[in-house]
Amino acid sequence: MSLRYYFAKAQKTLNLIAPYDRAIIEKQCRSIQIAEEQLQAAGRTAFLRCYSGCEGLCCRNLEIDAVIGFSDFIYLLTVERQLQESISTCLKHENRIFASDCIFLLNGKGPCLFPPTSRPEVCITTFCTDVEPVKQEIRCVKSQFMKLNLYLFFLRAKMLINRIYSHLQA
C-alpha cells in the first residue's frame, strides 16, 4: 500500500466516526503524545547525538510505507491537524516504486516536517544510539500506539457491522 492510501483512509475514517469514538481516539492520541514528550525529555542527549552524529541517516534509504502507516496518520491528523495540508503536499511527491529518502524531510534534507513530540511510532522509537537509558519510555510509546491500533481494529469491525446491518435493514 502507498502512503497516500493510508493517509486518505485515515482522513476518511476520522470523518466518518461518531463523536464518541472520536473522543476516545483523541484521548488515546493525547496519551501517545504525552509518552512521546516523556521520551524526548528522557532521551534529549541521545536524540541530540543522533541528530548531530548521523544527521538523519535513518531517514534515508528506507522503505517509507514500512515506517509510517494508517495508525500513524490517525495519530498525526488528530494531534497535528494543521499539518494536514503539508502532509498532503509531501504525498504528491511520493514515489511508490523507489523512495530513497523520507518524503517528510523539509526541502528533502530535513529537519522533519513532524514536531519532535508528534512523530510516527517507528520514527520516535528508533534511533542510532544506545537506547538503554530510554528503554522504559520507548516501551511506553509503543504500548500507547498498540492501544490505538487495537481500538482502530475494533472500530473498523464496528463500522463494518453497522454497514452490514444498515444494508440488511434496507
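Every residue gets a number counted from 1 within its own chain, in the order that chain's sequence is written. Two thresholds apply to this predicted model, a pLDDT of at least 70 for residue-level local features and 80 or more for giving and counting side-chain atom pairs, whereas whole-chain, interface and lining totals are computed over all residues. Processing note: side-chain calculations cover all non-hydrogen atoms of the structure and skip hydrogens and water entirely.

Re a nonpolar patch on the surface
Rules: Patches draw on residues past 30% relative accessible area with no salt bridge. Two like charges within 9 Å are joined, as are two nonpolar side chains (Val, Leu, Ile, Met, Phe, Trp, Tyr) within 5 Å. Each accessible area is a Shrake-Rupley result for a 1.4 Å probe, and residues are judged covered by the shown protein chains and nothing else. Within this document, salt bridges are pairs made up of a side-chain nitrogen of Lys or Arg and a carboxyl oxygen of Asp or Glu, the two lying within 4 Å of each other. The way it works is that DSSP assigns letters per residue, a run of H or I at least four long becomes a helix, a run of E at least two long becomes a strand, and they are numbered from the N terminus.
On the surface, Met 146, Leu 150, Phe 153 and Phe 154 cluster together into a nonpolar patch covering about 460 Å² of accessible area. Relative to the elements of secondary structure, Leu 150 occurs in helix H7 (residues 135–169).

Some points on the side chain of Gln 33
To keep it simple, the criterion reads: N or O atoms within 3.5 Å of each other form a polar contact, as long as, within protein, one can give a hydrogen and the other can take it, and as long as residues adjacent in sequence are counted only when both atoms are side-chain atoms. Pairs of residues are marked as contacts when any of their non-hydrogen atoms sit within 4.5 Å.
Along the polypeptide, Gln 33 turns up in helix H2 (residues 19–42). A polar side-chain atom of Gln 33 sits 2.9 Å from a polar atom in the side chain of Arg 30. Leaving out residues up to four positions away in the same chain, Gln 33 has contacts with Tyr 75, Val 79, Glu 80, Thr 117 and Ser 118.

Topic: the packing of aromatic side chains
Two aromatic rings, taken as a pair, are described by how far apart their centres are and by the angle between their planes. We count it as follows: The criterion for an aromatic pair is that two Phe, Tyr or Trp rings (for Trp, the six-membered ring) have centres within 6.5 Å, with stacked assigned to planes under 30 degrees apart, edge-to-face to planes over 60 apart and tilted to the rest. The classification of residues rests on relative accessible area computed with a 1.4 Å probe and restricted to protein chains. Under 20% of the type maximum is buried, over 50% is exposed, and intermediate values are partly exposed.
Applying the stated criterion across every chain, the model contains six aromatic pairs. Ring centres of Phe 104 and Phe 114 lie 4.9 Å apart, and the angle between their planes is 45°; on these two criteria the pair is classed as tilted. One end of the pair, Phe 104, is in the loop between helix H5 (84–91) and helix H6 (121–125); the other, Phe 114, is in the loop between H5 and H6, with ten residues separating them in the sequence. Take Phe 114: its relative accessible area is 2%, and that puts it in the buried class. Feature note: the residues Phe 7, Phe 73, Phe 104 and Phe 114 constitute an aromatic cluster, connected by ring pairs.

Thoughts on the side chain of Thr 78
Note on placement: Thr 78 falls in helix H4 (residues 70–79). Not counting the four nearest positions on each side in its chain, Thr 78 is found in contact with Leu 14, Ile 25, Glu 26 and Cys 29.

A word on the environment of Val 134
With respect to the helices and strands, the residue Val 134 is situated in the loop between H6 and H7. Among the residues examined, Val 134 registers a relative accessible area of 2% and is labelled buried. What Val 134 contacts, discounting residues up to four positions off in sequence, is Leu 39, Ala 42, Gly 43 and Phe 127.

Structural notes on the packing of helix H1 (residues 3–16) against H5
The following threshold applies: Helix axes use the C-alpha atoms of the stretch in contact, all axes being lines fitted to C-alpha atoms, and the angles between their N-to-C directions lie in the range 0 to 180 degrees. Oblique is the label for every angle not falling under 35 degrees (roughly parallel), over 145 degrees (roughly antiparallel), or within 65 to 115 degrees (roughly perpendicular). For any pair of crossing helices, the crossing counts as left-handed if the nearer helix is rotated counterclockwise from the farther one by less than a right angle, and right-handed if it is rotated clockwise. Any residue outside Ala, Val, Leu, Ile, Met, Phe, Trp, Tyr, Cys, Pro, Asp, Glu, Lys and Arg is labelled polar, Gly included; the first ten of those are nonpolar and the last four are charged.
Axis separation between H1 and H5 bottoms out at 10 Å; the angle between their running directions is 150°. Overall, the two elements H1 and H5 adopt an arrangement that is roughly antiparallel. Relative to H5, the crossing made by H1 is left-handed. Every residue of H5 that contacts H1 at Leu 3, Arg 4, Phe 7 and Gln 11 is listed here: Gln 84, Ile 87, Ser 88 and Leu 91. The class makeup of the residues in the contact of H1 with H5 is four nonpolar, three polar and one charged.

Overview of the confidence of the model for the protein
Our working definition: By definition, pLDDT measures how confident the predictor is in each residue, and it falls between 0 and 100.
Across the protein, the average pLDDT comes to 87, with 92% of residues at 70 or higher. The spread of mean pLDDT over the elements of the protein runs between helix H3 (residues 44–53), the lowest at 72, and H4, the highest at 96.

Overview of H4
Within H4, ten of the ten residues are buried, leaving the element largely enclosed by the surrounding structure. Those residues of H4 that sit buried are Phe 70, Ser 71, Asp 72, Phe 73, Ile 74, Tyr 75, Leu 76, Leu 77, Thr 78 and Val 79. On the buried face of H4, the contacting elements are H1, H2, H5, H6 and H7.

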